[in-house]
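# Commentary on secondary and tertiary structure
Spelled out from the first residue to the last, the chains are:
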Amino acid sequence: MINRRTFLSRVSKATFAGASAPLWLNLISSQAFAQAAGSYKAVVLVSLPGGNDGNNTLIPMDSAEYNEYATLRGNTLAISQGTLLGLAGKSNGKSYAVHPSLRNISSFYNQKRASFVANIGPMRAPATKAQILADSTLLPEALLSHPQQLAQWESATTSAAPVTGWGGRMADLLTTQSGSLPALIDAGPSSIFTVGNAVQGIAVQADGGDLVALPTGMDAAILAVAQSESQSPNAIIAQAAQLRVLSAKQQVVLRQAQAAGSGLQTAFPASGFGNVLKTIAQVMAGRSVVGASRQIFYCTQGGYDTHQNQWAAHAAQLADLDAGLGAFMSALDELGLTNQVLVCTHSDFNRTMQANSTQGSDHAWGNHQIILGGGIQGGQVLGTMPVLEFGGSSDLGALGTWIPTTSVTQMTAGVGAWMGLSQAQLAGVFPDLANFPAGALVI
Amino acid sequence: MMTRRISSTAALLPVMFLLLFATAGERTLVAQATIVTDTIISPALTTVHAGDTVQFSVSKNGVPATNGYWTSGGNNAGFINDAGFYQAPLNVPTPATANIVYYMGPTMAQLLVTITNPRPKPDSINVSSFTQLATPIAIHGHGFLPNTVISVQGRPMPTNYLNESWITTVATLSAPKSGSVPVTVTNPNPGMSSATLTVPAVFPAVSVITPSKVPVGWATLSLSGSGYTTNSVVMLDGRPMQTTFNSATSLTARGYLPPWHTGTTATVTVVPQPGSPNSASKSIALIKPATTYDAAARFATQAAFGPRPGLVEHIQQVGFQGFLNEQNKLPGVTYTPPALPRYPYLQAVASGSSLLRLRVAMALQTFIVNQGTFDEFPSYAPWEMKLEADALGNYRQLMNDMVSDARLTGFLNLPGNYMNMNESSHPNQNFAREFMQLFTLGTSLLNDDGSSQMGANGQVIPTYDQNTILDLSRAFTGWNYGPVVNSQFVSYGVDFSQPLAPFDQYHDHGAKTLFGTVALPAGQDINTDRTAALNAIFNHSNLPPFVSVRLIQQLVKSNPTPAYVARISAVFKNNGKGVRGDLSAVVSAILLDPEARAGDTAQVTANDGFLQDPLLFEAFAMNILQQTQWDGEPIYLPGKLGEDFWHANSVFGFYPTTYRIPGTTINSPQFDLFNNLTQLHRSQYLWAIINGSSNGFLPQYQSNSWLFTAFTSVPDLVEGLNHQLFHGQMPAATQSEILNYCSGISNQNDAFAAAIFLAMNSDSFNVVH
């Protein structure tokens, strides 16, 4: 991987070699040839903004637990047991099912290409309800606020204003394995996830329609202005100009990678999320142009803030998620990357177990997440389900706000371990991991 | 009659002539005839100019002598006839003497004369008048020598000698004044002599200019004077004006004095023809503006939608406070259903006159986020109308509008949020939470200077706990859409022009506690509970810094100092008349604060200013270019760059106010929308706007656009851009890169478009500072 400075020095080396754009691209290709020899691994994070109702995503199926679930959710939100999609096998002796919309994901689970992580959320250290009530500093900052909670997930911290994300921090360590682009490629909106200490993710999207070509030679003039302004005494100007200088080079590589991967055959749903996943698959398919053996992708899906009339909206969002991920897993098969790519979900928080008066649910805490991939030990529900009782030992209040039993840090460090980070590297990327004696989840 | 012709061949010369080479003393020794003293030649000249003629006579004892004969002795000494008529040689001979002798038998009379330089005889000069200070001239005539000098008005000019009849020089006048100019040709000593011709000088003169004082910018002047012709051109500080010839004594001229001219006078000159460097000049006084053009241009980036031509000059004349006073009196946009409301909005932003109100409304919209639906008028217009009305009003009124607007509350599920009817549900918390978190207070306690209060444990202190969220959601229960009043505002059965209606029977009448201290006793009705809750939030200590920081960030800079925030918070708390929440006072204080004005004259400082967000990017471009030729499509352009204004994906809007540039500690909310893709797309859309080539823009505006019409060359334009876009602080390297690129473009309009594009595409422009 490359930070801005090394990227620029690489470019100028190519220029000294006596060529403008074409030779520079040759240099990239030769790097690609050298680096593609190592086996490829990639992580795709799908964030579900708004707070996915995990209570209706992963449901206990054994009678006693299901009945507790149905009672607490009430007529408004409980999904009838007969429509749930059962998951094969037992985890810790318990049976589980998923939302009826998750047809692909349930079958991946049954093929041991998917797992769930139960009752997980931002936590600085393991804590019981009694400990938290006695010491409010055990709570994450700005608990139940959308942007802060999602940022805590994406940074694997409990800070209200994290300055880096766990994806970015991993990308910092992968600079020698990411070829001509940063390891982190952002196919969603801007996110703290993609920000490292030295590396910033670059954005990719499907080609747009109505853009206007600039006159020949104008690109060079824009670059010349940006190069001089990248030294501006005004730091905001300098940062904008530096981004412009760097992007001018990166765009060339990114477009070539997308073009190289455009022969992908797998059909994706014609949804926004389908297009995003298709773009990611194309960039993966064009990875030899980039010369990357390690990549991290970011995207988002849906709007899950179902305060009102949750039933239909939630089913539709999960169906969109399921359809997109189903196609994406097929694309990985087509690319021969079945076992080399891991997909996982994040979301701001779970929703209250209790429905509100507008047939929705409100902000809560511990949630359940999905992990997909042929290379994982799938077919498991990892972690521990909360005690389904209002005001019980798992409930921070009285509405079913689950106190997490596994921290975001443990799950994300597990992803880091899957990606091949050493113990020392994991400790650096996930500083809170040391607070959890159980360590990273084994994924 | 005997004539002695001067011969040029020395071999033919008689001996006595050769002897004349000797001195006078020697001559007496060789005389063949005896010189007598009673015979006198007259006139008794000692010198004769080459080329002159002289009639000599001779007398003996006072009686004219007649019986002798004349000779003129010497080398090329001219000739003399029997009647004594002497023709001096045309050139000075060597030796330069002639011996005029009258022989009378054995005696003779003698007169020895020196032949001096000829008299110059200029016949003609090749110009009929002088109309410039410096004019090449040629003089034809006779008697010119290599060292002949032409003088003009008595001042010798470097003179070129071509031959005896042709000399030239560049005649340089001392002043551009009409009159008769003497041109003198002088041959030097020996026998220095001159001849003078006169040439009329015809220059325009200025005696009176009306008016005597003008503002900077466009000016129309009437000149009276003299010497005007149809070729006369009036110049204003060196820039040609459109000149109308009325008569030889009257001109009218309209021209442009760049408004960034900071002197107290300007120079009006009249040149005889276009391009002539010579002129009559007179200075006129300039009306001193209230502020400089550069400062006014910068103010327009903060208090309006960019430095629109005309607007900047207006601010320059009326000053900051004058402009704020005017703007406070102007209403918002008139939105007429069922037209798409974003179209008149963008028209008002791009070319309307009520700008401050709309700019502040835009700032408020970034954190009090509405989400319209496809049915645009009912869901977009009412909330925007309230924001525009409240933007320079009071925040308490704005809070009333927040909790009663059908669309904003509907977006956050407040309508139909009833009391807890049974044990299995609770009130929807969405509106209560986001109302406090996003619209009024934020999640953690603030100091007046905007910094977080820190608890003893080193953590920030939450503004409210979950109990307050629950109780506020209970205090807000019982509201729903009211009956339809205005059918033009109806969408899906809801009249969005009407405030929410109270349904007290669905209100939770139980006791509530906010912030642990504010008690809302049991039994209060729905209106009383809501008013009490709003008062508690309005009077919360977080509100002044919360709102102040956001408005400062939107209008002036992303990284205000704590002291700046504290000064504005103080005005929010008390406008000076004991009123809290006076947004007009807050906005004025923000814009007039020394920290906001520091950049008017100083160089850029670290972290100053803010990056344009996509809507401002488009609005600035349309204002600066005066791009008024467009269809409805431009209302969608900001959305293509991540800011589909009035139509956010979520209540969190388009970017968080706390966003920091990755890898830095620099706060720059708008940078959240600026990445390797969107900065490229901005460039492409900017090119479309400037060229009027797509996305709904048309090129016809260019013929009326100040930038395309007021400047005479690319360097002239770049200087204009430096002041209009960069308030005089455009980086030198950026200027030279633009000049460098544009020098390769031959078509001036294309070169102008490229120069404007590169200036507006530069990050030192993108970052408003």
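Calculation notes
- Residues numbered from 1 in each chain as written.
- Chains lettered and ligands numbered in written order.
- Predicted model: local features only at pLDDT ≥ 70, side-chain atom pairs only at ≥ 80, totals over all residues.
- Heavy atoms only, no water.
- Helix = DSSP H or I, 4+ residues; strand = E, 2+ residues; numbered from the N terminus.
- Rg over C-alpha atoms; globule rule 2.2 N^0.38 Å.
- Contact = heavy atoms within 4.5 Å.
- Areas by Shrake-Rupley, 256 points an atom, 1.4 Å probe, with all protein chains shown as cover.
- Domains from an automatic or database assignment.
- Buried < 20%, exposed > 50% of the residue type's maximum accessible area, 1.4 Å probe, protein only.
- Pairing = 2+ DSSP bridges.
- Salt bridge = Lys/Arg side-chain N within 4 Å of Asp/Glu carboxyl O.
- Buried area = accessible area lost by both parts, 1.4 Å probe.
- Polar contact = N/O pair within 3.5 Å; in protein donor to acceptor, adjacent residues only side chain to side chain.
- Axes fitted to C-alpha atoms, helices over the stretch in contact; angles between N-to-C directions.
- Parallel < 35°, antiparallel > 145°, perpendicular 65-115°, else oblique.
- Left-handed = near helix turned anticlockwise from the far one by under 90°.
- Nonpolar A, V, L, I, M, F, W, Y, C, P; charged D, E, K, R; others polar.

Let's shift gears to the overall build of chain B. A tally of regular secondary structure across chain B gives 24 helices and 37 strands. The C-alpha radius of gyration of chain B comes to 47 Å, more than 25% above the 27 Å expected for a compact globule of 769 residues. Counting only C-alpha atoms, chain B reaches 165 × 55 × 50 Å along its principal axes. In chain B, 64% of the contacts between residues at least 6 apart in sequence involve partners at least 24 apart. Element-wise, carbon and sulfur atoms account for 56% of the exposed surface of chain B, whose accessible area totals about 29,500 Å².

Segmentation of chain B into domains returns domain 1 (10-115), domain 2 (121-201), domain 3 (205-286), domain 4 (542-608) and domain 5 (612-768). Between domain 2 of chain B and domain 4 of chain B, the C-alpha centre-to-centre distance is 72 Å.

Residue and element names in this part refer to chain B. Most of strand 11 (residues 107-116) sits out of view: 7 of its 10 residues are buried. As judged from the 2 bridges shared by strand 1 (residues 34-35) and strand 11, these two strands associate in the parallel manner. The residue bridging T34 from the neighbouring strand is T107, located in strand 11. Across 3 bridges, the pairing between strand 3 (residues 47-49) and strand 11 is parallel. Bridge pairing in strand 11 links V48 to I115. Relative to strand 11, strand 10 (residues 97-104) is paired through 8 bridges, and the arrangement is antiparallel. Bridge pairing in strand 11 places A98 opposite V113.

What follows covers the pairing of strand 23 (residues 233-236) of chain B. Residue and element names in this part refer to chain B. Taking every second residue as pointing to the same face, both faces of strand 23 are buried, with V233 and M235 on one and V234 and L236 on the other. As defined by bridge partners, strand 23 adjoins strand 27 (residues 265-271) across 4 bridges and the pair is classed as antiparallel. From the neighbouring strand, L236 faces strand 27, where its bridge partner is V268. Summarising the sheet, strand 23 and strand 24 (residues 239-240) pair through 2 bridges and their orientation is antiparallel. Along strand 24, the bridge assignment pairs L236 with R239. A loop of 2 residues connects strand 23 with strand 24, the two strands running antiparallel in sequence, and D237 in this loop sits at a positive phi of about 45 degrees.

Residue and element names in this part refer to chain B. Here the amide bond leading from N189 into P190 is cis, since omega sits at 0 degrees, within 30 degrees of zero. Inspection of the secondary structure assignment puts P190 in the loop between strand 18 (179-187) and strand 19 (193-201). In this structure, the amide linkage connecting P337 to the following residue, P338, adopts the cis form with an omega of 5 degrees. Residue position: P338 is located in the loop between helix 4 (311-329) and helix 5 (342-351). In this structure, Y492 is a non-glycine residue whose phi angle is positive, near 50 degrees. The topology assignment puts Y492 in the loop between strand 31 (490-491) and strand 32 (494-495).

What follows covers the environment of L500 of chain B. Residues and elements named next belong to chain B. Residue position: L500 is located in the loop between strand 32 and strand 33 (501-502). Residues L500 and N676 lie 176 residues apart in sequence; the distance between their C-alpha atoms is 44 Å. In this view, L500 contacts V403, S404, A406, T409, L414, P415, W479, N480 and Y481; residues no more than four positions away in its chain are not counted.

Residues and elements named next belong to chain B. Enumeration over the complete set of coordinates arrives at 21 salt bridges over all chains. As a salt-bridge pair, R567 and E595 come within 3.8 Å of each other at their nearest N and O atoms. You can see R567 sitting in helix 14 (residues 562-573) and its partner E595 sitting in helix 16 (residues 594-597), a full 28 residues away along the chain. Sharing partners across several salt bridges, the network here consists of K557, R567, D593, E595 and D608.

Where strands meet in a sheet, backbone hydrogen bonds hold them as pairs that are either parallel or antiparallel. Residue and element names in this part refer to chain B. Read from one edge of the open sheet, 3 strands run 2-5-6, paired in antiparallel fashion. Because the sheet does not close on itself, it has two edges, and the strands there are strand 2 (39-42) and strand 6 (63-64). By the bridge criterion, 4 bridges tie strand 2 to strand 5 (residues 57-60) in an arrangement that is antiparallel. The residue bridging T39 from the neighbouring strand is K60, located in strand 5.

Once that is clear, we can look at the sheet that holds strand 2 (residues 58-60) of chain A. Residue and element names in this part refer to chain A. Pairing in this open sheet of 3 strands is antiparallel, and the strands run 2-4-3 from one edge to the other. Edge positions in the sheet fall to strand 2 and strand 3 (85-86), since each has one partner strand and no second. With 3 bridges connecting them, strand 2 and strand 4 (residues 96-98) associate as antiparallel partners. Pairing of I59 across the sheet is with A97, part of strand 4.

Contacts between the two partners involve 72 residues from chain B, matched on the other side by 60 residues from chain A. Summed over both sides, the interface between chain B and chain A buries roughly 5,400 Å², with carbon and sulfur atoms accounting for 58% of that surface. For the chain B face of the interface with chain A, the top three residues by lost area are H426, N676 and D763 of chain B, together amounting to 12%. Linking chain B with chain A are 1 salt bridge. With a closest N to O distance of 2.8 Å, R244 of chain A and D763 of chain B form a salt bridge. Between the two partners, chain B and chain A, sit 26 residue pairs in polar contact (both at pLDDT 80 or more).

This paragraph deals with the packing of helix 13 (residues 543-555) of chain B against helix 15 (residues 583-592) of chain B. Residues and elements named next belong to chain B. Look at helix 13 against helix 15: their axes get within 10 Å of each other, and the N-to-C directions meet at 50 degrees. When the axis of helix 13 is compared with that of helix 15, the two are oblique. Between helix 13 and helix 15 lies a crossing of right-handed hand. Within the contact between the two elements, helix 13 uses V547, S548, L551, I552 and L555 and helix 15 uses L583, V586, V587, I590 and L591. Each residue belonging to the contact of helix 13 with helix 15 can be placed in one class, and the counts come to 9 nonpolar, 1 polar and no charged.

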